[in-house]
Each structure stands twice: as structure tokens, then as C-alpha cells.
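Coordinate analysis (summary)
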Amino acid sequence: MKSLTFHEVRWARTRLIVMGLLMGGCMLWSLIAINHHYGDVLGLGFIQQTALINENRVLQNQLQFLTHQLNGIQKQLNLLGDKGNEMRLHADLPKLDEDMRKAGTGGIESRIDFTSSISVNSLLNNLRSTAEQADHELHLQASSYEEIESAYEKNKVRFSHLPAIKPMDGFYNKNGFGMRFHPILHIVRPHEGIDIDNEVGTPIYAAAEGTIEFTGHQGGYGLTLEINHGFSLKTRYGHLSKILVHEGQRVKRGELVARCGNSGLSSAPHLHYEVRVNGVAQNPIDYFFDDVHASDFQN
Ligand SMILES: [Zn+2]
């Protein structure tokens, strides 16, 4: 019987170790594969970590996408805000200033530490401040539009009560208002309106919306009509031949209310027309436009 040499013994041991390592490796690989196949039943954590990394990547991409979308919305809101400011000017309202519009931005000091990586923290803070700014602008614009609407309605009412039309067709002296030599009395005295010349019977229209306040004879004015337009405004129509409305009646701008005459202290048929604010006579030609006619307001 041949005894084993030292070299043979050492080779056998090395082979045994290599075999053991290979088998161990195979078993470990199988174990990991089986664990992976059954959803980490051994709780080794490799899969969760991979899943979390993937999830994190998806969330970061979505955060970037949302921030981009929100920035777009914010830009649109700013454009609407600029348009709103134009509308405010038309409605005689002050513009919303830039400071007020930017008040929603918290700035650096309001940044929150989400105890995440710097890049994610910055993404979250950007998203948050953009959302806050958009929300602020949205609320500001909503209340501004309400304000514009209400101002516009008020202005519309006020404009409808302004004596903006010449109440009767005919010639008038543009310098007729003020001190003048009275053609009948032959003295210099204030003329508190303008005289529009035309034939007896020419239609006279209400200069603005209002309520008939007086109808009847009134000294030198002859047969007279007075309309109260509210907003401290009144108009007076003198030397009439006929009145077609009654006291307390509501009239619209352009509505037929009387006919031209020659009553009272009048040398020829004409309409004496006055506009008064808080009882003080105004020059009527400052109120009406020559190219705006009663017929423009009649349906
Ligand atoms: Zn007159």
C-alpha cells in the first residue's frame, strides 16, 4: 500500500476547500434567487431598496413636471392679472400694484426643511412657493373681477343719468350760457342755460334717465318741465308749448317728453335748456355731444 505524499495531501485539501466554496456560493446564490422570487421572504431588504430608488426617481420626475406645469399656470395668471389691471383702468379703479400681487411669495425665509436630499428639498420648496403664489394671485384676481363688475354697474347707472344728449334739434349759440343782454328785458343778466331755436311743436327728449319732478308754468320760463336725474343732477326745459309726461313719471334718455313753444318771456319759439348740479347752473354744452342724438337711445 502506497502512502500519500505531502503534495497529494495538500492538493486534496485545496480541492476540498474550492469545492466547499463553490457549493457555498451556489447555495447562497440559490437562496438569494429563491428569496427574490418569493418577494424577499427572508427580509433581506435588497428589493425594497431597489423599489424605493425607482419610486424616488419617479417622484422626483413628477415633482419636476408639476413645478413646470404650475409655473405655466402662474404665467397665465399673471397675464390675466395684467388684463385685469387694464379693465380696472376702464372701470375707473386703481391698478393692483406689483407689491400686492407679489405678496403671496414667502421668499427664502419661509423655506421648509423636508429632511430630504438638497435637490428634493429644493424641488418641494419651489413647488410649494409656486403653488402659494398661484393661489394668492387667483384669490386677488377673483376679488378684483368682482370689484370691476360692481364698479362697471355703478358707472353704467351713473352714465345713464348724465344729461348726455341735446334734448332738441335746432340751432344754438355756443356762447349762450353766462352773462348776456336779455332780448326782452334789455338788461344784462345771467343766462343759466342755452337756447335752442326751432319751430313750435318740435319734439323735446329727456336728456337722461330720471323722474319728472315738475310740470307747469314757472314765471318767465313759461310752461316748464323739470327732470331729477339723481346724483344731484337736474335738467330744466322752458318756453314749452306742450308737456307729454306727468310728475313722478320715470323717463329714459331719449324719451319724448314735451314740444317746443314760445311761452313765458320769449320773443320767438325756442327751448330754454338748463343743467343743474346741486342747484347750481352748469353750461349744458359741457354735458352733451352734438353727434349723439335722442334716436340713438330709442329702440
Ligand atoms: Zn334761455
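For the structure itself, look to the data block above.
Here goes a summary of the coordinates provided. Just so we're clear, the structure is a prediction, and the values are computed from it rather than from any experiment.

The next point concerns the overall build of the protein. Across its full length, the protein carries four helices and twelve strands. For the protein, the C-alpha radius of gyration of 45 Å lies well beyond 19 Å, the compact-globule estimate for 299 residues. The dimensions of the protein, computed from C-alpha atoms along their principal axes, are 165 × 35 × 30 Å. Relative to its full complement of 299 residues, the protein shows a buried share of 20%. Partitioning the intrachain contacts of the protein with sequence separation of at least 6 by distance along the chain shows that 67% fall at a separation of at least 24.

Here we take up the pairing of strand E4 (residues 194-197). Looking at chain direction, strand E1 (residues 171-172) and E4 are connected through two bridges and run antiparallel. Paired with Tyr172 across the two strands is Ile196, which belongs to E4. In the sheet, E4 pairs with strand E11 (residues 270-277) via four bridges, with the strands oriented antiparallel. When the sheet's bridge partners are listed, Ile196 is paired in E11 with Leu271.

The next thing to look at is the packing of helix H2 (residues 46-90) against helix H4 (residues 118-160). Contact pair H2 / H4: the axes reach a minimum separation of 9 Å and the direction vectors enclose 25°. Here H2 is positioned roughly parallel relative to H4, judged by the angle of their axes. The element H2 and its partner H4 pack so that their crossing is left-handed. In terms of residue class, the contact of H2 with H4 is built from 16 nonpolar, 13 polar and two charged.

This paragraph deals with helix H1 (residues 6-37). Counted at 1.5 Å a residue, the expected span for H1 with its 32 residues is 46 Å, and the 46 Å between its end C-alpha atoms agrees. Burial runs low along H1: only zero of the 32 residues are buried. Phi turns positive one or two residues past the end of H1, at Gly39, with a value near 70°.

This part is about the nonpolar core. Ranked by size, the top nonpolar core spans 25 residues in total, and within it Ile204, Ala206, Leu225, Tyr237, Val257, Ala258 and Leu271 carry the most contacts. Ignoring sequence-local partners within four residues, the contact set of Ala258 consists of Ile204, Leu225, Tyr237, Leu240, Lys242, Ile243 and Leu244.

Under the 1.5 Å per step criterion, the end-to-end length of H2 is 66 Å for 45 residues, consistent within 8% with the ideal 66 Å. Once H2 ends, the next one or two residues include Asp92, with phi positive near 60°.

Attention now goes to unusual backbone geometry. The phi torsion at Phe231 lies on the positive side, around 50°, for a residue other than glycine. Note on Phe231: 12 C-beta atoms within 10 Å, which makes it exposed. The backbone of Ser232 sits at a positive phi, close to 65°, despite the residue not being glycine. With respect to the element layout, Ser232 can be found in the loop between strand E7 (223-230) and strand E8 (233-243).

What follows concerns the pairing of strand E10 (residues 256-260). Sheet analysis places strand E5 (residues 203-205) next to E10, joined by three bridges and oriented antiparallel. Across the sheet, residue Pro203 finds its bridge partner in E10, namely Arg259. Two elements, E8 and E10, share three bridges in a ladder whose sense is antiparallel. Bridge pairing in E10 links Leu240 to Cys260.

Within the secondary structure, Ser122 is located in helix H4. Overall, the presence of 14 C-beta atoms within 10 Å leaves Ser122 in the partly exposed class. Sequence spacing of Ser122 and Arg111 is eleven residues, and the spatial spacing of their C-alpha atoms is 8.8 Å.

If you trace the backbone, His217 turns up in strand E6 (residues 210-217). The class for His217 is exposed, based on 11 C-beta atoms found within 10 Å. His217 sits 41 residues away from Gly176 along the chain, and the two C-alpha atoms are 23 Å apart.

On to the environment of Pro203, then. Note on placement: Pro203 falls in strand E5. As a C-alpha pair, Pro203 and Glu255 span 52 residues in sequence and 9.8 Å in three-dimensional space.

Cut-offs used in this document
Residues numbered from 1 in each chain as written. Predicted model: local features only at pLDDT ≥ 70, side-chain atom pairs only at ≥ 80, totals over all residues. Helix = DSSP H or I, 4+ residues; strand = E, 2+ residues; numbered from the N terminus. Rg over C-alpha atoms; globule rule 2.2 N^0.38 Å. Buried ≥ 20, exposed ≤ 12 C-beta atoms within 10 Å, placed from the backbone. Contact = placed C-beta atoms within 7 Å. Pairing = 2+ DSSP bridges. Axes fitted to C-alpha atoms, helices over the stretch in contact; angles between N-to-C directions. Parallel < 35°, antiparallel > 145°, perpendicular 65-115°, else oblique. Left-handed = near helix turned anticlockwise from the far one by under 90°. Nonpolar A, V, L, I, M, F, W, Y, C, P; charged D, E, K, R; others polar. Expected span 1.5 Å × (residues − 1). Core = buried A, V, L, I, M, F, W, Y, C linked by C-beta atoms within 7 Å.

The analysis is restricted to geometry; functional conclusions fall outside its scope.
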